[in-house]
Amino acid sequence: MTLYLPIAEMSVSVIVYVALGLSIGFLSGLFGVGGGFLLTPLLTFLGVPAAVAVATSSSHVVASSVSGAVTHYRRGNIDIKMGLVMLAGGLAGTYLGVSAVKVLRRAGYFDLTVAIIYVIFLGIVGTIIFVEGLSASRQPKATGGPVRKSGQHSWMEGLPFKMRFPRSKLYISVIPPIVIGTFIGCMSAIMGTGGGFVIIPAMIYLLRMPTGLVIGTTLFQVLFVSALATVLHAVENRTVDIVLALILIVGGVIGAQIGASVGEKLRGEHLRALLGAVILLVAARMAYDLVVPPADVFSLASMAGAR
């Protein structure tokens, strides 16, 4: 069964794309990540234009973040004040990112830029996660770990514009959260990801937020940033393919449930090592496409000569 995608301007197999959504949902449930950083490259592998893949992935991130954000809000696991401060930077960064996409598309460099950014980010993040997962799996399980104090900071203590965040028990400058939010917003708009694989470590190791609040606050940030990115991509660039997004969401909902069930049976260290391996494989494939000449080479010069 085939279906025509009006924005991507291509006919696709519904079964293949439902299976793709199922796979992304499975990885999301298995590893506890949004999956957007894998969805965009996989869509481009299947022939979807990069701009459409990025914008449609943003809409998929919104759909996958809603239920999680609501659940964490009901459990009180969201620092609303911190989320709003980061969101201020995130919304600005999203607008800058969508504007950058528009400029790059006009110049004809968007596909190349997205591929290079993905290779760099996925290569670095995948290596870190893979090495950390392997190291943790080889070490004996500790009976107890060091307790991180939420108020411990170094260079951040000297920054101005400090604000209290009672829920996280922090008294820090608003500059780092705004900068992190701006970076995540820009990256989300350009790459079509929620940015959770970057924002979570930043909140834990830079802002020193309590781990119990990090996931919920991240989902709060990702939800609104990705929603704005989707709207701006639809209005400014007209690259959101709703038909494609619905197909992916159908498979994603089912896959997330299966992944969550499988993830409960595996150790966390093994999950991290496996996630790192998957990320490195995607990065390697994108790097391969960058250096290997395409099968069909088109030349404007030869077309001009033919006239």
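Residues numbered from 1 in each chain as written. Predicted model: local features only at pLDDT ≥ 70, side-chain atom pairs only at ≥ 80, totals over all residues. Heavy atoms only, no water.

Student: Can you walk me through the overall build of the chain in this structure?
Tutor: Scanning the chain from terminus to terminus reveals 11 helices and 4 strands. Every one of the 307 residues in the chain was classed for burial, and the buried ones make up 44%. A separation of at least 24 residues holds for 77% of the contacts in the chain among residues at least 6 apart in sequence. Of the roughly 15,800 Å² of accessible surface on the chain, a fraction of 67% belongs to carbon and sulfur atoms. (Helix = DSSP H or I, 4+ residues; strand = E, 2+ residues; numbered from the N terminus. Buried < 20%, exposed > 50% of the residue type's maximum accessible area, 1.4 Å probe, protein only. Contact = heavy atoms within 4.5 Å. Areas by Shrake-Rupley, 256 points an atom, 1.4 Å probe, with all protein chains shown as cover.)

Student: What am I meant to see in the environment of alanine 277 here?
Tutor: Its place among the elements puts alanine 277 in helix α10 (residues 268-291). Accessibility expressed as a relative area gives 26% for alanine 277, which makes it partly exposed. In this structure the C-alpha to C-alpha distance between alanine 277 and phenylalanine 130, which are 147 residues apart in sequence, comes to 6.1 Å.

Student: Can you walk me through the nonpolar core in this structure?
Tutor: Within the largest apolar cluster, 55 residues are counted, with the highest numbers of intra-cluster contacts made by Tyr17, Leu43, Val48, Met82, Leu207 and Met209. Here the element with the most residues in this core is helix α5 (residues 110-138); it accounts for 7 residues. With residues up to four places along the chain from it excluded, the contact list for valine 48 reads Met10, Tyr17, Leu43, Ala53 and Leu244. (Core = buried A, V, L, I, M, F, W, Y, C linked by side-chain atoms within 4.5 Å.)

Student: Got a minute to help me understand the layout of surface pockets in this structure?
Tutor: Over the atoms rolls a probe the size of a water molecule, and in doing so it shows where empty space is left. Computed from the structure, the second largest pocket encloses a volume of approximately 320 Å³. Thr44, Ala50, Asp111, Ala115 and Met286 are, among the 13 residues lining the second largest pocket, the residues nearest its centre. Counting only elements with at least two residues in the lining of the second largest pocket, the list comes to α2 (36-45), α5 and α10. Tallying contributions element by element places α5 first for the lining of the second largest pocket, with 4 residues. In terms of residue class, the lining of the second largest pocket is built from 9 nonpolar, 2 polar and 2 charged. (1 Å grid on protein atoms, 1.4 Å probe; cavity = no way out; pocket = protein on both sides within 12 Å on 5 of 7 lines; lining within 4 Å. Points joined across faces, edges and corners; volume = space filled by probe spheres on them. Nonpolar A, V, L, I, M, F, W, Y, C, P; charged D, E, K, R; others polar.)

Student: Explain the side chain of serine 173 to me, please; I cannot follow it from the model alone.
Tutor: Within the secondary structure, serine 173 is located in strand β4 (residues 170-173). A polar atom in the side chain of serine 173 sits 3.1 Å from the backbone nitrogen of isoleucine 175. Beyond its immediate sequence surroundings of up to four residues, serine 173 is in contact with Leu159, Pro160, Phe161 and Lys162. (Polar contact = N/O pair within 3.5 Å; in protein donor to acceptor, adjacent residues only side chain to side chain.)

Student: I tried to follow helix α8 (residues 211-237) on my own but got confused; where do I start?
Tutor: Along an α-helix, residues three or four positions apart point the same way, because every turn accommodates 3.6 residues. For α8, which comprises 27 residues, the first-to-last C-alpha distance of 37 Å matches the rise-based estimate of 39 Å (1.5 Å per residue) to within 8%. Phi turns positive one or two residues past the end of α8, at arginine 238, with a value near 55°. (Expected span 1.5 Å × (residues − 1).)

Student: In this structure, what is going on with the confidence of the model for the chain? I would like to understand it.
Tutor: A low pLDDT means the predicted coordinates there should not be read in detail. Model confidence for the chain is summarised by a mean pLDDT of 77, while 81% of its residues fall at 70 or above. Across the chain, the secondary-structure element scoring lowest on mean pLDDT is helix α11 (residues 300-306), at 46, and the one scoring highest is helix α4 (residues 80-107), at 87. Low pLDDT (under 50) marks residues 300-307, which in the prediction has 0 contacts with non-local residues, meaning those over four places away or in another chain. (pLDDT = per-residue confidence, 0-100.)

Student: Would you mind showing me how to read the packing of helix α6 (residues 175-191) against α8 here?
Tutor: Packed helix pairs are specified by the crossing angle of their axes together with the interaxial distance, meaning the distance between the axes. Between α6 and α8, the shortest axis-to-axis distance is 9 Å and the interhelical angle comes to 45°. Taken together, the axes of α6 and α8 lie oblique to each other. Between α6 and α8 the crossing geometry is right-handed. Each of Gly181, Ile184, Gly185, Ser188 and Ala189 in α6 lies in contact with α8, whose residues at this interface are Gln221, Val225, Ser226, Ala229 and His233. Taken together, the residues that form the contact of α6 with α8 break down as 4 nonpolar, 6 polar and no charged. (Axes fitted to C-alpha atoms, helices over the stretch in contact; angles between N-to-C directions. Parallel < 35°, antiparallel > 145°, perpendicular 65-115°, else oblique. Left-handed = near helix turned anticlockwise from the far one by under 90°.)

Student: Would you mind showing me how to read the environment of valine 198 here?
Tutor: The topology assignment puts valine 198 in helix α7 (residues 196-205). For valine 198, the contacting residues outside a window of four places in its chain are Phe121, Phe183, Ile184 and Met187.

Student: Just to check I follow, could you spell out the pairing of strand β3 (residues 162-165) for this structure?
Tutor: Successive residues of a regular strand alternate their side chains across the two faces of the sheet. Note: β3 against β4, 4 bridges, orientation antiparallel. Bridging from a neighbouring strand, phenylalanine 165 pairs with leucine 170 of β4. Hairpin connection from β3 to β4: 4 residues lie between these consecutive antiparallel strands, with lysine 169 at a positive phi of about 60°. (Pairing = 2+ DSSP bridges.)

Student: Any chance you could explain the packing of aromatic side chains here in plain terms?
Tutor: On inspection of all chains with the given rule, the structure shows 2 aromatic pairs. Seen in terms of ring centroids, phenylalanine 220 and phenylalanine 224 are 5.2 Å apart; in terms of plane orientation they differ by 65°. Their pairing is edge-to-face. Taken together, the residues span about one helical turn, with phenylalanine 220 and phenylalanine 224 both in helix α8 at a distance of 4 residues. A relative accessible area of 39% means that phenylalanine 224 is categorised as partly exposed. Between arginine 164 and the ring centre of tyrosine 171, over which it is positioned, the NZ or CZ distance is 4.3 Å. (Phe/Tyr/Trp six-rings, centres within 6.5 Å; stacked < 30°, edge-to-face > 60°. Lys NZ or Arg CZ within 6 Å of the ring centre and 35° of its normal.)

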